[in-house]
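Chain residues, written in single-letter form:
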Amino acid sequence: MTQRPISLYALCGSQRRASTSRRLLEALQLACPEGITIAICDLIGDLPVFNPDNEGERTPVIVERFAAEIRKADGLIVACPEYAHGIPGGFKNALDWLVSRDEVPFKPLMFAHASHRGDLVLAQLADVLQTMSLHIVEDAFLRLPVAGKSDEIQAAMLLEARESGLFSASLSRFAQAIAAKA
Ligand SMILES: Cc1cc2nc3c(=O)[nH]c(=O)nc-3n(C[C@H](O)[C@H](O)[C@H](O)COP(=O)(O)O)c2cc1C
């Protein structure tokens, strides 16, 4: 139970239809404690390639929509796979659109990681996001290694994590950190 309603916006770094990062975000959405809601972003794959010439008055409509959703949210959840020891290009592109804007500085953010691997991308993301002045809530970090498992095992792991309270505990810690900053 949180003191005031908290709305979170979840960003998935994978565009795959069967993305395990996305499945983890969807499972978190179902496990929200009372007073917390999660909307999952569906815009990242449609953003044009970032070009500083197209900022300001020339900013594409879809980028303005993306930024407006981020502005509205009390906090962000990032679930992102590792590609070639780094951040998937499409996801880095989405972050680049936000660098010079005012929506993200000091915005609380938690990682939800769907793999037992990918520590390099977590470190790179932390570096990039901190450079963009986001506030990473380490306490809320969630890892559930469903990547590489069969659909049946993934479903069982996600259900078990939901029923054991793993998801709600992480979300509650995130909400507490958000409330403490407000
Ligand atoms: C192009 C590509 C490159 C990858 N490179 C790495 C890598 O460097 N390190 C790693 O741990 N996994 C790597 N992987 C595996 C993905 O990180 C892993 O499958 C991840 O769980 C996929 O996330 P998703 O299910 O949300 O799409 C790579 C996968 C792809 C498609």
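The chain has the name NAD(P)H-dependent FMN reductase in an unreviewed UniProt entry, where Rhizobium tropici is given as its organism.

**Q** Describe the UniProt feature "domain: NADPH-dependent FMN reductase-like" (unreviewed entry) in the chain, with residues and values.
**A** Annotation from UniProt places "domain: NADPH-dependent FMN reductase-like" (unreviewed entry) at residues 8–140. Between the end C-alpha atoms of residues 8–140 there is a gap of 13 Å, over a span that is 35% helix and 17% strand.

**Q** Kindly report on the layout of surface pockets, identifying the contributing residues and their values.
**A** Space left empty within the atom packing is revealed by a probe, the size of a water molecule, rolled over the atoms. Quantified by volume, the largest pocket comes out at close to 340 Å³. What lines the largest pocket is a set of 23 residues, and nearest its centre among them are Thr20, Pro81, Glu82, Ser115 and Ala147. For the lining of the largest pocket, the secondary-structure elements that each account for two or more residues are α1 (20–30) and β4 (108–113). Counted by class, the lining of the largest pocket contains eight nonpolar, eleven polar and four charged residues.

**Q** Help me get a handle on the site of the ligand, residues and values and all.
**A** Around the ligand sit 13 residues, and of these Ser14, Arg16, Ser19, Thr20 and Ser21 come closest. Between an oxygen atom of the ligand and a side-chain N or O atom of Ser19, the distance comes to 2.6 Å. Compared with its free state, where it exposes 640 Å², the ligand has 66% of that area covered by protein. Counting atoms within 2 Å of the grid points, the majority share of the ligand lands in the largest pocket.

**Q** Talk me through the pairing of β4; I want residue IDs and the actual numbers.
**A** With respect to burial, β4 is a largely interior element, six of its six residues being buried. Of the two faces of β4, the one holding Pro108, Met110 and Ala112 and the one holding Leu109, Phe111 and His113 are both buried throughout. Bridge analysis of strand β3 (residues 75–79) against β4 gives three bridges, and the strand direction is parallel. When the bridges of β4 are listed, Ile77 appears paired with Met110. Each parallel crossover has a hand, and for β3 linked through helix α3 (residues 89–98) to β4 it is right-handed. Of the pairings in the sheet, the one linking β4 to strand β5 (residues 135–136) comprises two bridges and is parallel in character. Bridge pairing in β5 links Leu109 to Ile136. Handedness of the crossover is the feature at issue here: the chain leaves β4, passes through helix α4 (residues 119–131), returns alongside β5, and the resulting connection is right-handed. For β4 and strand β6 (residues 142–143), the ladder comprises two bridges, and the chain directions are parallel.

Conventions and cut-offs
- Residues numbered from 1 in each chain as written.
- Predicted model: local features only at pLDDT ≥ 70, side-chain atom pairs only at ≥ 80, totals over all residues.
- Heavy atoms only, no water.
- UniProt positions renumbered as here; feature names shortened; annotations may be inferred.
- Helix = DSSP H or I, 4+ residues; strand = E, 2+ residues; numbered from the N terminus.
- 1 Å grid on protein atoms, 1.4 Å probe; cavity = no way out; pocket = protein on both sides within 12 Å on 5 of 7 lines; lining within 4 Å.
- Points joined across faces, edges and corners; volume = space filled by probe spheres on them.
- Nonpolar A, V, L, I, M, F, W, Y, C, P; charged D, E, K, R; others polar.
- Near = heavy atom within 4 Å.
- Polar contact = N/O pair within 3.5 Å; in protein donor to acceptor, adjacent residues only side chain to side chain.
- Areas by Shrake-Rupley, 256 points an atom, 1.4 Å probe, with all protein chains shown as cover.
- Sits in = over half its atoms within 2 Å of the grid points.
- Buried < 20%, exposed > 50% of the residue type's maximum accessible area, 1.4 Å probe, protein only.
- Pairing = 2+ DSSP bridges.
- Right-handed = clockwise from strand over helix to strand, strands pointing away.

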